[in-house]
Amino acid sequence: MKKLLFILVAALITGGGIWYFTGGAAREEITVIRTATVGRGDVSRILEATGIVKSQVGAQVKIGAQATGVLESVAVKVGEAVGKGDLIATIDSRELRSQIAEAEANLRQQTARLRYLETNLPRKKSLVSQKLEAQDALDIAIQDTEMARHAAASARARLETLKVQLSYTRIFSPIDGVVSQVAAQEGETIVSGLSVTNLITVIDPSRLEMWIYIDETDVGRVSHGLPVRYTVDAYRDRVFEGEVDVIYPEPEIRDNIVYYRALVLVTPEQAEFLRPEMTTQCKIVVETRHDVLAVPNTAIKWVGGRRVCFVVDDPKRPPREVTPELGLAGLETSEVLSGLSEGDVVATQLVLPAAKTGQKKGN
């Protein structure tokens, strides 16, 4: 019995010792897990915003039909490349061609009549001058000639109008690009009314731009020429670069928040990887300071309401706490004005005593 009691007491003492040394007792020393070295470099203030890829004005064309008739053929499919001037669709033109033949015959008739009257007019003038015919006959001849002239001109204009209408039955691509939409099929009847019927949409995928939506509180810091870096979900490891080209003066309100749109041009090389309506994650470089003393942001800790750093002078000794004066704050590093020196080793991840932070987790 005594032997069993002795074993239980020894086990309790051993367990208590393990609890104390493994964290049961409050730690009073700082444990450094990771470090970094203070050095010189560039620090940039970044404004993060969301953007969207758009086609430039004129790079997306909705091609319609101004003629009425049955769609005779559609020569393209979605995704097919087309060149400027390529025939992409035709509309049945038999009725128009019949009207053109009729108008040509009428023009020939009016031209022949006008030619006769113009030839006969000098004879009428001669007869009247010789008093062989009355003046009234000459006046009538002059009037008939003028009316024939107008009739011939009207017939010619009618013929030209029909030829223009005939040209509408052959639809050509106005730009180089790719077919993005075909809204009608062969055999459908196209009725041209007050608005032009949209048949085919062609886009030029090399002519893109990006719109960045900037909050009204940040728009004052954005100006023409500022560098922009952005990514898209389709190519997360690729960073695209550009610059702010235009800031539109008209606001855009979304969910009761006022935004202003900034335009960034996209190069043809970048456009090979981008498509219209892609969402972008943008970083606008608002300000950059070059070759300044910089400390990693992970080394800046909040202790007692103060921003401090822990400098590791000797790995075998606890780090010393310093309160640096910081300047420009970047996404990854911040400018150091005083309190740290180049080459200082600072803790980026550490465990503070409970007395300092009220917790025992790494910072």
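Our subject is the structure listed above.
These figures come from a predicted structure and were not determined experimentally.

1. Description of the overall build of the chain
Part 1: Of regular secondary structure, the chain possesses five helices and 21 strands.
Part 2: Expressed as a percentage of the 363 residues in the chain, the buried residues total 34%.
Part 3: A separation of at least 24 residues holds for 73% of the contacts in the chain among residues at least 6 apart in sequence.
Part 4: Surface summary for the chain: the accessible area is close to 22,300 Å², and the carbon and sulfur share equals 52%.

2. Considering the nonpolar core
Part 1: M210, I212, V228, Y230, L274 and I284 are the most contacted members of the largest nonpolar core, which totals 23 residues.
Part 2: Elements supplying a minimum of two residues to this core: β2 (39-55), β11 (208-215), β12 (227-232), β13 (235-254), β14 (257-265) and β15 (279-296).
Part 3: Counting residues per element, this core draws most heavily on β11, at four residues.
Part 4: Counting 18 residues, the second-largest nonpolar core is a separate cluster that includes A67, V74, I88 and L199.

3. Observations concerning the pattern of salt bridges
Part 1: Taken as a whole and judged by the stated rule, the model has 13 salt bridges.
Part 2: With its nearest N and O atoms 2.6 Å apart, the salt bridge here joins R306 to E321. With R306 in strand β17 (residues 306-311) and E321 in strand β18 (residues 320-322), this residue pair connects regions lying 15 residues apart in the sequence.
Part 3: Look at R306 and you get partly exposed, because its relative accessible area is 36%.
Part 4: D313 is the partner of R320 in a salt bridge, and the nearest nitrogen-oxygen pair spans 2.5 Å.
Part 5: Judged by its relative accessible area of 39%, R320 is partly exposed.

Definitions and limits used
Residues numbered from 1 in each chain as written. Predicted model: local features only at pLDDT ≥ 70, side-chain atom pairs only at ≥ 80, totals over all residues. Heavy atoms only, no water. Helix = DSSP H or I, 4+ residues; strand = E, 2+ residues; numbered from the N terminus. Buried < 20%, exposed > 50% of the residue type's maximum accessible area, 1.4 Å probe, protein only. Contact = heavy atoms within 4.5 Å. Areas by Shrake-Rupley, 256 points an atom, 1.4 Å probe, with all protein chains shown as cover. Core = buried A, V, L, I, M, F, W, Y, C linked by side-chain atoms within 4.5 Å. Salt bridge = Lys/Arg side-chain N within 4 Å of Asp/Glu carboxyl O.

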